[in-house]
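Read off the chains here:
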Amino acid sequence: LTSGPAIAQRGRDAGEALGADPAAGVTGIVARVLPLLDGRSGTELVTTAGGGMLLADYLPTRIFELTVHTVDLAAALGVAGEPPSRPAALTLGLIADLAIADRRAATLLLATTGRRQLPAGFSVLSA
């Protein structure tokens, strides 16, 4: 469920669910979800498409997705889009963690410091 036509369809469905005014749709989601997080310890189990996760582990994955897809949308719309610093830092940290776990930190380090280009198709999301 993490790639291919199924994920693309989930994205289209999520976009349509936001309605005619996506900003208002997102605002409504925030208003509904934030109170659900009040008083949570992070040790609660969340059921996901990939199995169970602790809430404290799950929330950073949602921030990652929101940050990456917001940058995607800005690029697709041709507008400048620099994410806020806290979600950007969390997202870049997760990217670094994934590169390290897959033993591809050197490739990422060389590319992000201008020493080499990333190989075609490089992604920390798939080996």
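Numbering of residues begins from 1 in every chain and follows the order in which that chain's sequence is written. Note on the predicted model: pLDDT of at least 70 is required for a residue's local features to be given, and 80 or more for side-chain atom pairs to be given and counted; whole-chain, interface and lining totals, by contrast, use all residues. The basis for every side-chain value is the complete set of non-hydrogen atoms in the structure, without hydrogens or water.

Caption draft 1: A look at the side chain of threonine 91. Under the DSSP-based scheme used, a helix requires at least four consecutive residues in state H or I and a strand at least two consecutive residues in state E, with every element numbered from the N terminus. Tracing the chain through its elements places threonine 91 in helix α4 (residues 85-101). Note on exposure labels: buried denotes an accessible area under 20% of the residue type's maximum, exposed denotes more than 50%, and partly exposed covers the range between, all computed with a 1.4 Å probe on protein chains only. Residue threonine 91 is classed as buried on the basis of its relative accessible area, which comes to 4%. Under the rule applied, a polar contact is a pair of N or O atoms within 3.5 Å (in protein, one hydrogen donor and one hydrogen acceptor; residues adjacent in sequence only if both atoms are side-chain atoms). Of the polar contacts made by the side chain of threonine 91, one reaches the side chain of threonine 67; its length is 3.4 Å. Residue contacts are defined here by distance: any two heavy atoms, one from each residue, within 4.5 Å place the two residues in contact. Discounting chain neighbours no more than four positions away, the residues touching threonine 91 are Ile63, Phe64, Thr67 and Val68.

Caption draft 2: Seen up close, the pairing of strand β2 (residues 51-54). Pairing of strand β1 (residues 45-48) with β2, which is carried by four bridges, proceeds in the antiparallel orientation. Within the sheet, the bridge partner assigned to valine 46 lies in β2 and is methionine 53. Between β1 and β2, which pair antiparallel in sequence order, lie two residues. Here, a strand pair is defined by DSSP locating no fewer than two bridges between the strands.

Caption draft 3: Here's a closer look at the pattern of salt bridges. In the sections that follow, a salt bridge refers to a side-chain nitrogen of Lys or Arg positioned within 4 Å of a carboxyl oxygen of Asp or Glu. The full count for this structure, using the stated rule, is one salt bridge. Arginine 104 is paired through a salt bridge with aspartate 102; the nearest N and O atoms lie 3.2 Å apart. Owing to a relative accessible area of 16%, arginine 104 belongs among the buried residues under this scheme.

Caption draft 4: Main features of α4. To estimate how far a helix should extend, the number of its residues minus one is multiplied by 1.5 Å. Under the 1.5 Å per step criterion, the end-to-end length of α4 is 24 Å for 17 residues, consistent within 8% with the ideal 24 Å. Buried-residue contacts for α4 involve α3 (55-77) and α5 (105-112). Following α4 by one or two positions, arginine 103 adopts a phi angle in the positive range, close to 55°.

Caption draft 5: Representation of the packing of aromatic side chains within the structure. Pairing of aromatic side chains here covers Phe, Tyr and the six-membered ring of Trp, requires ring centres within 6.5 Å, and sorts the geometry by plane angle: under 30 degrees stacked, over 60 edge-to-face, intermediate tilted. Following the criterion strictly, the structure yields zero aromatic pairs and no others. Any Lys NZ or Arg CZ that is within 6 Å of a ring centre and within 35 degrees of that ring's normal is treated as a charge sitting over the ring. Here the guanidinium or amino end of arginine 104 rests over the ring plane of phenylalanine 122, the centre of that ring lying 5.1 Å away.

Caption draft 6: Representation of a nonpolar patch on the surface. Nonpolar side chains collect at one region of the surface, where Val26, Val30 and Leu34 lie side by side and expose about 240 Å² of accessible area between them. Note that valine 26 resides in helix α2 (residues 22-37). Only residues above 30% relative accessible area that lack a salt bridge enter a patch, with like-charged residues linked at up to 9 Å and the nonpolar side chains Val, Leu, Ile, Met, Phe, Trp and Tyr linked at up to 5 Å. Only the protein chains shown count as cover for residues, and all accessible areas are computed by the Shrake-Rupley method using a 1.4 Å probe.

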